Amino acid sequence: STWCDSKNKCGGCGGMWCKARCVFSASNAADVCGTAYSTSVAPVDDWCTLSGSNCAGCKGTWCAGDKAFMHDSVNSLAPVVSTSSTPA
């Protein structure tokens, strides 16, 4: 854990506060994290969201890193869009 590793300090360090989530269903199986149904994302405090291995045990897809979810509020989730480019 670092000084920037908190919601209140992350922005001051140039970051964006995100939380990895466990997703159970999406409109596009090739992009589960980017097209997750809002009703199929495990709550932040759910056992399935505590780790990637827990999520796998719940038969979900672990969405972390560029595929994490940005919190604007507890009830509002928006996928974080990666700004890095990858060769096609």
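These numbers were taken from a predicted model, which means no experiment stands behind them.

A. Geometry of the nonpolar core. By size, the foremost hydrophobic cluster in this structure holds six residues: Val 23, Ala 26, Val 32, Cys 33, Val 41 and Cys 63. Not counting residues up to four positions away in its chain, the partners in contact with Val 32 are Val 23, Ala 26 and Thr 61.

B. Quick look at the environment of Pro 43. Within the secondary structure, Pro 43 is located in the loop between strand E2 (21–23) and helix H2 (52–57). Taking the relative accessible area as the measure of exposure, Pro 43 reaches 43% and is therefore partly exposed. Taking C-alpha positions, Pro 43 is 7.8 Å from Arg 21, a pair spaced 22 residues apart along the chain. For Pro 43, the contacting residues outside a window of four places in its chain are Arg 21 and Thr 49.

C. Summary view of the environment of Thr 61. Relative to the assigned elements, Thr 61 resides in strand E3 (residues 61–63). We classify Thr 61 as partly exposed; its relative accessible area is 32%. For the pair formed by Thr 61 and Ala 36, sequence separation is 25 residues and the distance between their alpha carbons is 9.9 Å. If we skip the residues at most four places from it in the chain, Thr 61 touches Arg 21, Cys 22, Val 23, Val 32, Cys 33 and Cys 55.

D. Molecular detail of the side chain of Ser 40. Relative to the helices and strands, Ser 40 is located in the loop between E2 and H2. Among the residues examined, Ser 40 registers a relative accessible area of 8% and is labelled buried. The contacts of Ser 40, once residues within four sequence positions are left out, are Cys 22, Val 23, Phe 24 and Ser 25.

E. Geometry of the state of the cysteines. By the definition in use, this model includes three disulfides. Between Cys 22 and Cys 55 runs a disulfide, and the two sulfur atoms are separated by 2.1 Å. Here Cys 22 and Cys 55 share a disulfide; its torsion about the S-S bond, 80°, makes the bridge right-handed. A residue pair is termed long-range when its members are at least 10 positions apart, and Cys 22 in strand E2 and Cys 55 in helix H2 qualify at 33 residues. For the residue pair Cys 22 and Cys 55, the accessibility class agrees, reading buried in each case.

The rules behind each value
- Residues numbered from 1 in each chain as written.
- Predicted model: local features only at pLDDT ≥ 70, side-chain atom pairs only at ≥ 80, totals over all residues.
- Heavy atoms only, no water.
- Core = buried A, V, L, I, M, F, W, Y, C linked by side-chain atoms within 4.5 Å.
- Buried < 20%, exposed > 50% of the residue type's maximum accessible area, 1.4 Å probe, protein only.
- Contact = heavy atoms within 4.5 Å.
- Helix = DSSP H or I, 4+ residues; strand = E, 2+ residues; numbered from the N terminus.
- Disulfide = S-S within 2.5 Å.

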